[in-house]
Amino acid sequence: MSVFVVDGGRVLSGKVRLQGSKNSSLPILAATLLCRGECVLHNCPRLSDVEASLKILRYIGCTAQREENTVIVDTDNVTRCEIPTELMHRMRSSIIFLGAMIARFDRVRMSFPGGCELGPRPIDLHLNALREMGVEISEDHGELDCCVQDVLHGANIVLPLPSVGATENIMIAAATAKGATIISNAAREPEIVDLADFLNSCGAQIHGAGESTIFIDGVDRLSPTTHAMIPDRIVAATLMSAAAVTGSDILMTGVVPSHLESVFPVFRDSGCEIEYDGEGVRISAPYRLQSPKLIRTMPYPGFPTDAQAPVMSMAAVADGMTVFVENMFLSRYSHVSELCRFGADIRVEGKVAVVDGVKRLLSANVRAQDLRGAAALVVAALCARGQSEISGIEYLERGYEELELVLSSLGADVKKI
Ligand code: EPZ
C-alpha cells in the first residue's frame, strides 16, 4: 500500500505538461473492439484504471502493448465475450465495455459492476438503451447476460439524465448497428467528443457529439486508426488547486482552455490570475485566497463533480465561507473528515458542504478513500506546513500519472514510499 510523505508549505513554480485524459482513454480503449486490426492510441496515461482496461482487452484475446504513453491494441484474435468478475469489480467503469462487446460479439457476459466509494452506481440507463437497440439482457445473481436477439439496430433514445457512461455505451453500440440512432439529453463532456472523434476517424458517422442531441448512422464496419487522447481537465483543475493553496505561479501546457470554462471563474473569484496563450494556461495565486462563495456540481459544461474535492481543499484556506452542492453523486464527501484532520472547518448536511476558510492547515496523517478525495488530501498536505502522510495512494494512481514526480518537478517535497 503506497503512502505519500509531503513536506508542505513550499511555493511551487515552473512548467508542467498535462497528462492524457483517463475518462477519454477508458471508453476509447473499449471502442477499439469495433475495429479489426491495430489501433494506435497516443497520450494514453499510465494509470491503474488504464492498466485494468488493457487487462480486460488481453483477457478477451487482444494484444495490447504500451510504449511510453502510446498504447497499441490489436483486436484481430479476440476469443472471449465475457469479462472476468475480478476485473469488473476492480474497476467499475469496465461497464463501458458493454456496448463495444455487444457490437463485436452480439453477446457478452459480465458481472454487475459493484458500487463504489461514491455510492451506488446504477446502470439502468445503459441497460434500457441497449434493450431498445435489440439487446436481450438478463440479470441474475449479480451477472449480466446480454444477447442480440435478431440484429443490433438503431433507436431513438431519450436519456432521463445526461449520463456520461450511458451516452458512451450507446454511441459505441450504435456506430455499427443497423440504421440510425438519436441520443437525446446526451452528456456533453469533452470526453464524449473525443470518443466520437475516435469512432469517426475509424469510419463511423456520428454528428452532434458535445451537444445534447447526438445523431449516429450505423455503418457496416470500422477500420483501425491512430488517435491522440485529449488532456485531462480534472488533473488540470487539481494542479490549479495545488498552485492556489501554495501561493504559486505555474504554467500548465497541453491544456484545452475551453474544457475548463466552468472551472476558471472559481479560481478567478478566489483571487487567482489565469492567463492562456498558445503554450498553455498560467495560474498565479494571491497571497490570501478569497472564498469562491458557492460551487454547484453539474453535468458539463457546468462545474465538474470530479473537481469538487480538490477545489474544496482550496476553499478550506480561502477567506470566508464556501457552500458546495454536490448534485451528481450521493456520497462524494469522504475527503471532508480527513480535511478536518488538517484543521479545515467543514460541515456536511446531505449534498451540501459548508466550508469556513481557516488561516492555515496543519500537517496531519490521513487516509484517502476515493480517487478525487485522494487528490484533495494531496492538495491540503502541500498547503499545510510540516510533514503529512497520506495513505491509500492506490486510489490516486487510478487517475493521476506519477503525481509525486509532477509535483516535485514544480518544487514540492513529495515522496512516495
Ligand atoms: C463518469 O462516470 C466519469 N467516469 C466520472 O468520473 C464522473 O464523475 C461522472 O462521469 C460524472 O461526470 C468515467 O468517465 C470513467 P454518469 P459515469 O453516468 O459515467 C447516475 C472520476 O473521478 N446514473 O454521468 O458513471 C449516477 O448514479 C470518475 O474520474 C444512473 O442513475 O457517470 C450518477 O448519480 C468518478 N443510472 C449520475 O447518473 C445510470 O444508468 C451521473 O453518472 C447511469 C448513471
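Residues numbered from 1 in each chain as written. Predicted model: local features only at pLDDT ≥ 70, side-chain atom pairs only at ≥ 80, totals over all residues. Heavy atoms only, no water.

Once that is clear, we can look at the overall build of the chain. Tallying secondary structure elements over the chain gives 14 helices and 24 strands in all. On C-alpha atoms alone, the chain measures out to a radius of gyration of 21 Å, which is about the 22 Å that the 2.2 N^0.38 rule sets for 417 residues. Structurally, the chain occupies a C-alpha span of about 65 × 45 × 40 Å along its principal axes. Within the span of the chain, comprising 417 residues, buried residues form 58% of the whole. Long-range pairs, those at least 24 residues apart, make up 72% of the contacts in the chain with a sequence separation of at least 6. Mean positive and mean negative side-chain charge positions of the chain (38 and 51 charges, respectively) differ by 4 Å. (Helix = DSSP H or I, 4+ residues; strand = E, 2+ residues; numbered from the N terminus. Rg over C-alpha atoms; globule rule 2.2 N^0.38 Å. Buried < 20%, exposed > 50% of the residue type's maximum accessible area, 1.4 Å probe, protein only. Contact = heavy atoms within 4.5 Å. Lys, Arg positive; Asp, Glu negative; His and termini not counted. Charge placed at Lys NZ, Arg CZ, Asp CG, Glu CD.)

Another point: the site of the ligand. Around the ligand there are 23 residues in total, and Asp124, Ser163, Gly165, Asp306 and Met328 lie nearest to it. Methionine 328 is positioned such that a nitrogen or oxygen atom in its backbone is 2.5 Å from an oxygen atom of the ligand. Here an oxygen atom of the ligand sits 3.2 Å away from a polar atom, N or O, in the side chain of arginine 332. Coverage of the ligand by the protein chains reaches 87% of its 820 Å² of free accessible surface. (Near = heavy atom within 4 Å. Polar contact = N/O pair within 3.5 Å; in protein donor to acceptor, adjacent residues only side chain to side chain. Areas by Shrake-Rupley, 256 points an atom, 1.4 Å probe, with all protein chains shown as cover.)

Where helix α5 (residues 124-132) meets helix α6 (residues 164-175), the closest approach of the two axes is 8 Å, and the angle between their N-to-C directions is 25°. Accordingly, the angle class assigned to the pair α5 and α6 is roughly parallel. α6 is crossed by α5, and the crossing has right-handed handedness. Across the interface between the two elements, Leu125, His126, Ala129 and Leu130 of α5 pack against Gly165, Ala166, Asn169, Ile170 and Ala173 of α6. Taken together, the residues of the contact of α5 with α6 break down into six nonpolar, three polar and no charged. (Axes fitted to C-alpha atoms, helices over the stretch in contact; angles between N-to-C directions. Parallel < 35°, antiparallel > 145°, perpendicular 65-115°, else oblique. Left-handed = near helix turned anticlockwise from the far one by under 90°. Nonpolar A, V, L, I, M, F, W, Y, C, P; charged D, E, K, R; others polar.)

Our next topic: the environment of threonine 226. With respect to the helices and strands, threonine 226 occurs in strand β14 (residues 226-228). Judged by its relative accessible area of 49%, threonine 226 falls in the partly exposed class. Considering only alpha carbons, one finds threonine 226 and threonine 63, 163 residues apart in sequence, at a separation of 16 Å. Sequence-distant contacts of threonine 226, that is, excluding residues within four places in its chain, are made with Val40 and His42.

This part covers the nonpolar core. The biggest cluster of nonpolar side chains holds 76 residues, and the ones touching the most others in it are Phe97, Met133, Met171 and Leu199. For this core, the leading source of residues is α6, giving seven residues. Ignoring any residue separated from it by four or fewer positions in sequence, one finds leucine 199 in contact with Ala31, Leu34, Met171, Ile172, Ala204, Ile206 and Leu222. (Core = buried A, V, L, I, M, F, W, Y, C linked by side-chain atoms within 4.5 Å.)

Before going further, it helps to spend a moment on the pattern of salt bridges. Opposite charge on two side chains allows them to pair when their charged atoms are near. The full count for this structure, using the stated rule, is 18 salt bridges. Its salt-bridge partner being glutamate 402, residue arginine 46 comes within 3.7 Å of it at the nearest N-O pair. Of this pair, arginine 46 sits in the loop between β3 (38-42) and α2 (48-60) while glutamate 402 sits in the loop between α13 (393-396) and α14 (403-409), and the two are 356 residues apart along the sequence. Judged by relative accessible area, arginine 46 falls into the partly exposed class, the value being 33%. A single salt-bridge network, built from bridges that share partners, covers Arg107, Arg109, Glu143 and Asp145. (Salt bridge = Lys/Arg side-chain N within 4 Å of Asp/Glu carboxyl O.)

Quick look at the domain arrangement of the chain now. Once the domains are mapped, the chain shows domain 1 (4-19 + 231-416) and domain 2 (22-228). For the pair domain 1 and domain 2, the summed buried area comes to about 1,900 Å², and 49% of that belongs to carbon and sulfur atoms. Contact with domain 2 buries area across many residues of domain 1, yet Tyr300, Arg398 and Glu401 alone supply 32% of it, more than any other trio. Linking domain 1 with domain 2 are four salt bridges, by the criterion used here. One can count eight residue pairs in polar contact (both at pLDDT 80 or more) joining domain 1 with domain 2. Of all the elements in the fold, those that place two or more residues in the side of domain 1 that touches domain 2 are α12 (371-383) and α13. (Domains from an automatic or database assignment. Buried area = accessible area lost by both parts, 1.4 Å probe.)

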